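The lines below spell out each chain.
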Amino acid sequence: MGGGKSTLKTIGVLTSGGDAPGMNAAIRAVVRQAAEMDIEVIGIARGFAGLIQGDFRRLHLGSVADIVHRGGTILLTARSEEFKTEAGRAMAVDNMRREGIEGLVVIGGDGSFRGALHLAKKGVPVVGVPGTIDNDLAGTDYSIGFDTAVNTAVEAINRIRDTATSHERVFIVEVMGRESGQIALMAGIAGGAESILIPEIKVDFAQVIERIERGRRRGKLHSIIVVAEGAASALDVSREINRITHLESRVTILGHIQRGGAPTAFDRILASRLGARAVQLLAAGETSCMVGMEANRIVHHDLEWALEQKKEIDLELYHLANVLAL
Ligand code: ADP
């Protein structure tokens, strides 16, 4: 699927839900791919909220200059309760028609895709681009922002490791992931964690303690435990360790530090490929789908199907993490 002319004249693009590094690279790819196909792009501010308010701005080639390396989103993002109502969505569709927007690229996570599906069902051509640090969407190996978030967490763990070693302490690092252990698993492996606690697998405190004690017996000076926020509270884990082992443990909650920052090269390239493909799909008359990358190929899937799937944690990786922590 290449460039070339299309009968499509104008499309819209918005970013919605939690921001993710690389969203800007995706917006840029949408605008540049569209320009190559003589399609105008309208940027919608603050996601679905801007669609309801008619907060539109024309995006030119220059509007997306100098943003490939920036975190966050130049289009701003928001959560819109109004869009969850039929009246709100009707207003959004009216505004799009009035503006001549014939297709929409929605960059966001699971919730944003659900909103996009509603629009598709109202007859608006929509393509979803997975943008969320959580990497919890099916239909793609990675979502935009995940790689950057993992690298940010690993950077933090590296620093904490120096202190953990010097003071011979146990450190518990809490990372984002209410329902998904993707960040914890990857950051834990790359950061050399002794234990990784994720929501997908029942927390076994006895095993966590056993690992710490086993490490001590063979002369390990420190232990690092990575906890996804949805698996357990890092403070509870710390209290439990202090109670049972009488070792000193410290807690670091990374929080929103993981959201921002310059996207990694991986995220920039992923975002560029996905953004461009989304435009090509709209121009080819596709709708109600999401783009993704599987085994390094850009693919697309039916949006409703993708939302019904559950992204499973890679158990092989989880077991590898346990082996590496021996
Ligand atoms: P993310 O896209 O990062 O998962 P949210 O879950 O907050 O973020 O969703 C972003 C926005 O998408 C919501 O504020 C809302 O406007 C819209 N949205 C989410 N779920 C639905 C739904 N079931 N129906 C319609 N709109 C939805």
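Refer to the structure printed above.
What you see is a predicted model; the values in this text were computed from it and never measured. Along each chain, numbering runs from 1 in the same order as the chain's sequence is written. A pLDDT threshold of at least 70 governs which residues receive local features in this predicted model, and a stricter bar of 80 or more applies before side-chain atom pairs are shown or counted, although totals over entire chains, interfaces and linings include all residues. With hydrogens and water stripped out, all remaining heavy atoms of the structure feed into the side-chain values.

S.K.: Explain the packing of helix H1 (residues 23-36) against helix H9 (residues 265-283) here, please?
M.R.: Helix-helix packing is characterised by the crossing angle of the two axes and by the distance between the axes. The axes used here are C-alpha line fits, helices contributing only the stretch in contact, and every angle between their N-to-C directions lies in the interval 0 to 180 degrees. Helix and strand assignments come from DSSP, with helices taken as H or I runs of at least 4 residues and strands as E runs of at least 2, each series counted from the N terminus. Relative orientation of the contacting elements H1 and H9 amounts to 40 degrees, with a least axis distance of 7 Å. Considering the angle they form, H1 stands oblique to H9. The interaxial crossing formed by H1 with H9 has right-handed handedness. Contacts from Ala25, Ala26, Ala29, Val30, Gln33 and Ala34 of H1 reach H9 at Arg268, Ala271, Ser272, Gly275, Ala276, Val279 and Gln280. For this scheme, ten residues count as nonpolar: Ala, Val, Leu, Ile, Met, Phe, Trp, Tyr, Cys and Pro. Four count as charged, namely Asp, Glu, Lys and Arg, and the remainder, Gly too, count as polar. In terms of residue class, the contact of H1 with H9 is made up of eight nonpolar, four polar and one charged. Roughly parallel means an angle under 35 degrees; roughly antiparallel, over 145; roughly perpendicular, 65 to 115; everything else is oblique. In this scheme the crossing of two helices becomes right-handed for a clockwise turn of the near helix relative to the far one and left-handed for an anticlockwise turn of less than a right angle. Whether two residues are in contact is decided by their heavy atoms: any pair within 4.5 Å suffices.

S.K.: Where do I start with empty space enclosed by the protein in this structure?
M.R.: In this approach the atoms are scanned with a rolling probe the size of a water molecule, which exposes any empty space left behind. Cavities and pockets were defined on a 1 Å grid built over protein atoms only: a cavity is a set of grid points that admits a 1.4 Å probe from which the probe cannot escape, a pocket is an open set flanked by protein on both sides within 12 Å along at least five of seven lines, and lining residues are those with an atom within 4 Å of any such point. Grid points are joined across faces, edges and corners, and a volume is the space filled by probe spheres set on the points. All told, the structure shown has one cavity of 30 Å³ or more when counted by the stated rule. Taken as a whole, the largest cavity spans an internal volume of roughly 30 Å³. Lining the largest cavity are Glu194, Arg211, Arg214, Gly215, Arg218, Lys220, Ala325 and Leu326.

S.K.: So what exactly am I meant to see when it comes to the sheet that holds strand E11 (residues 297-302) here?
M.R.: In a beta sheet, neighbouring strands are held together by backbone hydrogen bonds and run either parallel or antiparallel to one another. Pairing is mixed in the open sheet, where seven strands are placed in the order E3-E2-E1-E4-E5-E10-E11. Each edge of the open sheet is held by one strand with a lone partner, namely strand E3 (56-59) and E11. Pairwise comparison of adjacent strand axes, ignoring direction, gives a mean angle of 30 degrees for this sheet. Sheet strands touched by H9: strand E1 (10-15), strand E4 (104-108), strand E5 (126-130), strand E10 (289-294) and E11. Its angle to E10, the strand with the most contacts, is close to 140 degrees. A pair of strands is considered paired only if DSSP assigns at least 2 bridges between the two.

S.K.: Got a minute to help me understand the sheet that holds strand E6 (residues 170-175) in this structure?
M.R.: On the basis of which strands lie adjacent, the open sheet formed by four strands has the order E7-E8-E6-E9 and parallel pairing. In this open sheet, the two strands that pair with only one neighbour each are strand E7 (195-197) and strand E9 (249-253). The average undirected angle you get between the axes of adjacent strands in this sheet is 20 degrees. The pairing of E6 with strand E8 (residues 223-228) spans six bridges and is parallel. Along E8, the bridge assignment pairs isoleucine 172 with isoleucine 225.

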